[in-house]
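The lines below spell out each chain.
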Amino acid sequence: MTQMIRLEDLAKTFVLHLQGRTELPVFENLDLTVEQGECLALTGPSGAGKSTLLRSLCGNYLPDRGRALIRHDGEMLDLVAAPPRAILTARRLTLGYVSQFLRVIPRIPTVDIVAEPAVTLGMERDAARTKAAALLSRLNIGAELHALAPATFSGGEQQRVNVARGFIVNYPILLLDEPTASLDAANRDVVVDLILEARERGAAIVGIFHDEAVRKRVADRTFDLLPQQAAA
Amino acid sequence: MTEGPLLRVDGLGHRFGRVVACDDIAFELFPGEVLGVVGESGSGKTTLLNCLAGRLQPTTGQVLYDMRATGLSDVYGLSEPERRLLMRTDWGFVTQNPRDALRMDISAGGNVGERLMVNGARNYGAIRNGATDWLERVELDTSRIDDRPATFSGGMQQRLQIAKTLVVQPRLVFMDEPTGGLDVSVQARLLDLLRGLVGDLGLSAIIVTHDLAVVRLLADRLMVMRHGQAVEQGLTDQVLDDPHHAYTQLLVSSVLQP
């Protein structure tokens with residue numbers, strides 16, 4: 001088994017300078033490993049730090065202490081200490097991230113938003129567009145929508161555009177923040193299939209799945225986070 | 001990642017008399033990287049940009065640039081002609097007000113072609129083709145090639161300035177509020193265009209702006225300035241989504257959501 005993610009003594013506290021320097025401890029002494037081909041579900045009540053942990057795994061949030069190691073290009077890269085360009089390279093090649101919300105870029109057609117990660121990795125633009133269109137269609141985004149910018153799409157449609165963007169490249173590590181929220185049963189099944197296929201090809205997956213049925217179908221094990229006490 | 005930095009800045013500072021405009025700035029910029037510099041008016045970001053771009057001698061510190069022939073060299077240690085050559089061939093500068101950079105009394109094509117001629121192009125057909133090509137790339141109507149920029153809208157003038165800057169294929173481009181003073185819809189188009197060009201050309205760039213949405217879209221890395229100092233630096237989305245410094249938290253929380 002190949003270790004893909006290893007967290008060592010990881011700690012994160014938010015310090016709110018504008019609110020009397022309030023300290024919000026999110027987690028500490030966190031140790032965790034995820035192997036190739038394994039899907040780990042983060043569980044715990046709202047506010048326990050599941051999203052914060054997931055964001056720390058793609059370098060979007062910066063932990064205060066410890067190491068957040070991911071296997072990138074054959075070596076373990078510490079996201080807490082790595083320079084910005086190393087994290088950007090890791091995101092391009094290694095880390096796929098599906099968030100709950102689509103950050104829309106003005107004017108860019110849906111098919112190009114989805115194709116972009118593949119183009120960045122060197123795929124011919126036309127081939128990437130074809131692949132993107134197939135993935136969008138599988139997620140029930142009709143061909144008539146592919147050429148439109150997704151700004152006016154419904155929440156569920158934007159969510160599926162996000163999912164397509166995260167699955168167009170075979171990332172070795174996938175981070176999924178509620179990928180099935182605001183989806184109907186049919187689309188939820190498509191996303192579950194995509195996750196299972198990714199796991200099958202060997203991706204290490206860490207996700208937050210509020211839907212228990214989805215969690216049971218995709219996750220090998222769970223990691224429970226507990227809320228920390230706030231100290232003013 | 002064996003490649004060295006394109007630009008290295010050490011202990012850079014500038015004073016206007018007793019006023020410290022920027023102080024002890026240090027960073028490295030690697031090929032293909034886009035650095036955003038944000039901060040409110042008076043934070044020293046434009047002074048910093050001018051010092052970096054060879055336009056204002058810093059009071060302290062060094063700006064080292066990876067010269068094609070000699071490697072990392074002190075920009076202010078070069079002779080005046082050497083520095084001018086560097087600024088003309090390897091660097092570009094995009095100002096907020098395109099009317100400061102364009103010659104309003106010659107045609108749009110002339111503005112772009114002139115930059116090619118300064119760098120040695122002599123064949124009229126090749127120069128005109130180069131100009132036409134760049135007008136297309138910045139989405140300007142090529143039938144306007146012989147019109148003077150004075151007849152263009154603000155957004156068109158800004159795109160013309162970008163064509164004029166990029167036609168000589170610089171390795172490093174400095175931009176001072178490139179989308180400032182434009183309507184929101186024009187801004188979005190320009191941002192989209194810049195994003196595409198920077199990506200396609202593998203440009204390195206340093207963009208000064210007070211608009212956090214601009215850096216989120218264009219910059220890989222961010223430097224937050226206040227009272228002349230860099231109070232926070234890092235990956236753009238990390239600094240914006242998980243700001244650590246009190247001033248960055250204030251900046252991020254002050255943005256109005258439409």
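Computed from a predicted model, the values in this text were never measured in an experiment.

Caption draft 1: Region of interest: the overall build of chain A. For chain A, the helix and strand inventory stands at seven helices and nine strands. Taken over the C-alpha trace, chain A has a radius of gyration of 18 Å; the compact-globule value for 232 residues is 17 Å, and the two agree within 12%. With the C-alpha coordinates of chain A rotated into their principal frame, the extents come out at 55 × 35 × 35 Å. Put simply, chain A has 232 residues, and 41% of those count as buried. For chain A, contacts bridging at least 24 residues in sequence account for 70% of all contacts bridging at least 6.

Caption draft 2: The arrangement of the environment of Pro58(B) in detail. Residues and elements named next belong to chain B. Mapped onto the fold, Pro-58 is located in the loop between α1 (45–52) and β4 (60–67). According to the C-beta neighbour criterion, Pro-58 is buried, with 23 such atoms within 10 Å. In sequence terms Pro-58 and Val-252 are 194 residues apart; their C-alpha atoms lie 30 Å from each other. For Pro-58, the residues in contact, after removing those within four places along its chain, are Leu-12, Gly-13, His-14 and Cys-51.

Caption draft 3: Looking closely at the confidence of the model for chain B. All names here are of chain B. In the predicted model, chain B carries a mean pLDDT of 92, and 98% of its residues have values of at least 70. Of all helices and strands in chain B, the one with the weakest mean pLDDT is helix α7 (residues 184–201) (82), whereas strand β10 (residues 229–235) scores best (97). Across the predicted assembly, pTM comes out at 0.92 and ipTM at 0.92.

Caption draft 4: Fine view of helix α4 (residues 108–118) of chain B. Residue and element names in this part refer to chain B. Among all positions of α4, only Ala-108, Gly-109, Asn-111, Val-112, Gly-113, Arg-115 and Leu-116 are buried. Buried residues along α4 sit in contact with α5 (124–137) and α6 (154–166). Positive phi shows up at Gly-120, right after α4, with a value of about 110°.

Caption draft 5: Region of interest: the pairing of strand β7 (residues 172–176) of chain B. Residue and element names in this part refer to chain B. Burial runs high along β7: five of the five residues are buried. Across the two faces of β7 the burial is the same, with Leu-172, Phe-174 and Asp-176 and Val-173 and Met-175 all buried. One ladder, built from four bridges, connects strand β6 (residues 91–94) with β7; its direction is parallel. Opposite Val-94, over in β7, you have Met-175 as the bridge partner.

Caption draft 6: Inspection of the sheet that holds strand β4 (residues 65–72) of chain A at higher detail. All names here are of chain A. Here we have four strands laid out as an open sheet, ordered β2-β1-β4-β5, and antiparallel in their pairing. Two strands bound the open sheet, and with one partner strand each, they are β2 (22–35) and β5 (75–78). In this sheet, neighbouring strand axes are inclined to one another by 25° on average, regardless of whether the strands run parallel or antiparallel. Relative to β2, strand β1 (residues 3–16) is paired through ten bridges, and the arrangement is antiparallel. Across the sheet, the residue bridging to Val-15 is Glu-23, located in β2.

Caption draft 7: Seen up close, the environment of Ala198(A). Residue and element names in this part refer to chain A. When you line up the elements, Ala-198 lands in helix α6 (residues 185–200). Distance in space between the C-alpha atoms of Ala-198 and Pro-172 is 8.8 Å, their sequence separation being 26 residues. Excluding anything up to four places from it in sequence, Ala-198 contacts Phe-167, Leu-174, Ala-203 and Ile-205.

Caption draft 8: Seen up close, the interface of chain A and chain B. The interface is formed by 15 residues belonging to chain A together with 19 residues belonging to chain B. Looking at the side of chain A that touches chain B residue by residue, the classes come out as ten nonpolar, three polar and two charged.

Scoring rules and cut-offs
Residues numbered from 1 in each chain as written. Chains lettered and ligands numbered in written order. Predicted model: local features only at pLDDT ≥ 70, side-chain atom pairs only at ≥ 80, totals over all residues. Helix = DSSP H or I, 4+ residues; strand = E, 2+ residues; numbered from the N terminus. Rg over C-alpha atoms; globule rule 2.2 N^0.38 Å. Buried ≥ 20, exposed ≤ 12 C-beta atoms within 10 Å, placed from the backbone. Contact = placed C-beta atoms within 7 Å. pLDDT = per-residue confidence, 0-100. Pairing = 2+ DSSP bridges. Axes fitted to C-alpha atoms, helices over the stretch in contact; angles between N-to-C directions. Nonpolar A, V, L, I, M, F, W, Y, C, P; charged D, E, K, R; others polar.

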